[in-house]
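# Observations on the model geometry
Now for the letters of each chain:
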Amino acid sequence: MLAFSSLLRNAQKTSYAFLSRMITDIPVPRADPYGDCYHRNMVVEKTKKPKEKLPAEKLVFGQTFTDHMLEVDFEASKGWGAPKIVPFHNFDMSPATSSLHYAIQCFEGMKAYVNVNKGINLFRPEKNMDRLLLSCARLCIPAFDGTEMLECLKDLVRLDKDWIPDRRGYSLYIRPTVISTDATVGVSVPQKAKFFTILSPVGPYYKGGFAPVKLFADDFHVRACVGGSGKYKLGANYGPTIYHQRTAASYGAAQVLWLYGDQKFVSEAGTMNFFTLWVNEKGEKELITAPLDDGTILPGVVRDSVLTLCRQWGDFKVSERVYSIHELTKAVKEGRVIECFGSGTAAIVSPVNAILYQGVEYPIPLDPEDKSAGAGKLCQRVAQSIMDIQYGVVPSPWAVTL
Ligand SMILES: *Cc1c(COP(=O)(O)O)cnc(C)c1O
């Protein structure tokens, strides 16, 4: 058993080290690239001053944080240090810290749910760890062991579990983050870094049922480009989009529908992946979303889950391929669009009722049989199915119970 688990760990070590080399050519000179960052080395310091908890209905996304946080420091000479769970606290850092100047920062967004048996579920958390390691590699921050880090993260969630509102739709938002802590204004490979995770209890994205949104399809600005860093969850990809989000808001739209290239391929909606269910030019019912292969699309966990579920259901064709805003607006005019929605951890799915493109508003249908639903039939089915897994109503290997 022991031999097997160490074999497994070594196998993973090799693949992550290989991955980071493949992407950024980082030399990994240390004997153990993961240093002391193993769950067995975890140190826990509990808070002496637990905070007052807000009533669930008063929660505003991303504004309330729990009592504890997870921290692991990296230093080039020592590798990753021992993981620590400590009281939630501010950082003391040099104003020269390179992450403050060059956005040497990456993050994840995941959630913990109180399941129907009063246990705690995570949803496909290993995918977030894998993605965070890819983001780190893109920033020349050496890999840690994703499986070990996940075990540490689970301990943090267990310790602050009383903060998770016990109601369907409510959850604990988990924000793993990695920053360079190198005190230099030189643009260089970080010699010091910090992994940390903070937790924030959150209410449902839609309080009174779905609220469909209008999207502003921007025909000039881009979120990401081929050869760029858009497929990684780097803070640097988000700050510059707020300006365009505000422009979208000035047109009465909730989000930007990002287009890409001369042909104006449909890519993502705000910080969500984007899906269209339509009858394509060949007359086939098809769910379509942009492919991951050109590097402009963030590989969403919910995106993958929607694709997997829809392929299992087998009710229509499921395609990951490029399609342009012109094909989409033509399909709207011809009455071939059935529904459009965004996908992401925050909302699971976000229904769309209109797309504004070059001054023309294209109405997107919702549920034709139930005007009060506020979402298309597929959107509703996907939301229910994923929530049933997250809250443990339906057993699934995607739910990891703590
Ligand atoms: C985080 C994110 C998503 C959604 O990813 P999930 O893993 O499904 O939450 C989609 N697009 C962008 C740009 C993102 O940052």
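Note that the coordinates shown come from a computational prediction; the quantities given were computed from them, not determined experimentally.

## Comments concerning the overall build of the protein
A count of helices and strands for the protein gives 8 helices and 19 strands. Its C-alpha radius of gyration of 22 Å places the protein within 12% of the 21 Å reference for a compact globule of 402 residues. The C-alpha extent of the protein, read off along each of the three principal axes, is 60 × 45 × 45 Å. Taking all 402 residues of the protein together, 52% fall into the buried category. In the protein, of all internal contacts separated by at least 6 residues, the share reaching a separation of at least 24 is 72%. For the protein, the accessible surface area stands at approximately 18400 Å², while carbon and sulfur atoms represent 56% of it.

## Quick word on the environment of Ser372
Along the chain, Ser372 falls in the loop between β18 (360-363) and α8 (377-390). Take Ser372: its relative accessible area is 66%, and that puts it in the exposed class. Side chain to side chain, Ser372 and Asp370 meet in a polar contact 2.7 Å long.

## Concerning unusual backbone geometry
Look at Ala103: it is not a glycine, yet its phi comes out positive at around 55°. Examined against the element boundaries, Ala103 turns out to sit in the loop between α2 (98-102) and β5 (105-107). One non-glycine residue, Arg124, lies in the positive phi region at around 45°. Mapped onto the secondary structure, Arg124 falls in the loop between β7 (120-123) and α3 (125-138).

## Quick word on the UniProt feature "modified residue: N6-(pyridoxal phosphate)lysine" (unreviewed entry) in the protein
On the UniProt side, "modified residue: N6-(pyridoxal phosphate)lysine" (unreviewed entry) is annotated at positions that read Lys233 here. If you trace the backbone, Lys233 turns up in the loop between β10 (213-218) and α5 (242-250). Owing to a relative accessible area of 13%, Lys233 belongs among the buried residues under this scheme. Among all residues touching Lys233, those that are not within four sequence positions of it are Cys106, Phe107, Glu108, Gly109, Arg131, Ser135, Tyr238 and Leu298.

Rules behind the numbers
Residues numbered from 1 in each chain as written. Predicted model: local features only at pLDDT ≥ 70, side-chain atom pairs only at ≥ 80, totals over all residues. Heavy atoms only, no water. Helix = DSSP H or I, 4+ residues; strand = E, 2+ residues; numbered from the N terminus. Rg over C-alpha atoms; globule rule 2.2 N^0.38 Å. Buried < 20%, exposed > 50% of the residue type's maximum accessible area, 1.4 Å probe, protein only. Contact = heavy atoms within 4.5 Å. Areas by Shrake-Rupley, 256 points an atom, 1.4 Å probe, with all protein chains shown as cover. Polar contact = N/O pair within 3.5 Å; in protein donor to acceptor, adjacent residues only side chain to side chain. UniProt positions renumbered as here; feature names shortened; annotations may be inferred.

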